[in-house]
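# Structural description and commentary
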Amino acid sequence: MVVLLPETKKIDSLLQRFQADSLNPQFAYLVQEYNRKDSMVNTKDSVKLSPVVRGQIRQELESIAYQIQNWQAFVQQAMQNKQEQFLAPIYRKVLEAINTVAKETGYTYVYNKEALLVAPTGDDILPLVAKKLNVKLPVNAQSGTGTKLPVKPGN
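Residue positions are counted from 1 within each chain, in the order its sequence is given. Only residues with pLDDT of at least 70 are given local features in this predicted model, and only at 80 or more are side-chain atom pairs given and counted; all residues enter the totals for whole chains, interfaces and linings. Where side-chain values are given, they derive from all heavy atoms of the structure, hydrogens and water being excluded.

In this section: the side chain of Thr-8. Put simply, DSSP H or I for four residues or longer makes a helix, DSSP E for two residues or longer makes a strand, and each gets a number counted from the N terminus. Assignment of secondary structure puts Thr-8 in helix 1 (residues 6-41). By relative accessible area, which is 17% here, Thr-8 ends up buried. What qualifies as a polar contact is a pair of N or O atoms within 3.5 Å, subject to a donor-acceptor requirement within protein and to the restriction that residues adjacent in sequence count only when both atoms come from side chains. There is a polar contact of 2.6 Å between the side chain of Thr-8 and the backbone oxygen of Val-2. Contact definition: two residues touch when any of their heavy atoms are within 4.5 Å. Apart from the residues lying within four places of it in its own chain, the contact partners of Thr-8 are Val-2, Val-3, Leu-87 and Ile-90. Whether a residue is buried, partly exposed or exposed follows from its accessible area with a 1.4 Å probe, protein chains only, as a fraction of its type maximum: under 20%, in between, or over 50%, in that order.

Multiply 1.5 Å by the residue count of a helix minus one, and that product is the helix's expected span. In this model, helix 3 (residues 71-105) (35 residues) spans 49 Å end to end at C-alpha, consistent with the 51 Å of a helix rising 1.5 Å per residue. Of all bends in helix 3, the biggest is about 35 degrees, found at Leu-87, and the proline Pro-89 comes one to four residues later. All of the buried residues in helix 3 are Trp-71, Val-75, Ala-78, Met-79, Lys-82, Leu-87, Ile-90, Val-94, Ala-97, Ile-98, Val-101 and Ala-102. Of the residues flanking the end of helix 3, it is Gly-106, one or two places downstream, whose phi is positive at about 85 degrees. Here the bend at a residue means the angle between the axes of two seven-residue stretches, the one that ends at it and the one that starts at it.

Bringing the nonpolar core into the picture now. As a rule of thumb, nonpolar side chains are buried together in soluble globular proteins. Residues grouped as a nonpolar core are buried Ala, Val, Leu, Ile, Met, Phe, Trp, Tyr and Cys residues, joined through side-chain atoms within 4.5 Å. Ranked by internal contacts, the top residues of the largest apolar core, which has 29 residues, are Met-1, Leu-23, Val-94, Val-129, Leu-133 and Val-135. Of all elements in the fold, only helix 1, helix 3 and helix 4 (126-132) reach the threshold of two or more residues within this core. For this core, the element with the most residues is helix 3, which contributes 11 residues. In this view, Met-1 contacts Val-94, Leu-126, Val-129, Ala-130, Leu-133, Val-135 and Leu-137; residues no more than four positions away in its chain are not counted.

Salt bridge, as used here: a side-chain nitrogen of Lys or Arg that lies within 4 Å of a carboxyl oxygen of Asp or Glu. A full pass over the atoms with the stated rule returns 5 salt bridges. For the salt bridge of Glu-33 with Arg-36, the shortest nitrogen-to-oxygen distance reads 2.9 Å. With a gap of 3 residues between them, Glu-33 and Arg-36 both fall in helix 1, about one helical turn apart. Look at Arg-36 and you get partly exposed, because its relative accessible area is 39%. A salt bridge links Lys-37 to Glu-33; the nearest nitrogen and oxygen atoms lie 4.0 Å apart. Of this pair, Lys-37 and Glu-33 both sit in helix 1, separated by 4 residues, roughly a single helical turn.

Across the chain, each position has a pLDDT score giving the predictor's confidence in that residue, from 0 to 100. Looking at the chain as a whole, the pLDDT averages 85, with 87% of positions reaching at least 70. Here residues 142-155 is a poorly scored stretch, pLDDT under 50, and it has 44 contacts once near neighbours within four places are set aside; other chains count.

Next comes the structure, spelled out in structure tokens:
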């Protein structure tokens, strides 16, 4: 149901903007800082620096190099966190609609069909939830793909 909501379609562009506006400039800054500090300690002018300062700059270089080498993992984690932040209100909205439909139709339990290995055929409340959210279901979604399997008391 989440992927059918119009808000979900906007998330990809928001994530791309986040990467372009926040993460890419941060990476460019790291590379720039690495090059600046590297030139401070690896040129003939570095003899003007005290050994303590050179040592400190070399430690900073190692730290920056580590960040650059692990940048992809950092980006993946940051993007995942941002995606979860964007999806949280959508998940709440869908869960509220599911709870409302379950209450209106008298269901005590609603299970995600994909989470059950074996289950009896049950009613499909996906069309009811879609209607509650004013979302038109694609033809293939009405056949039960990604649906919720409710269990009425006594079933």
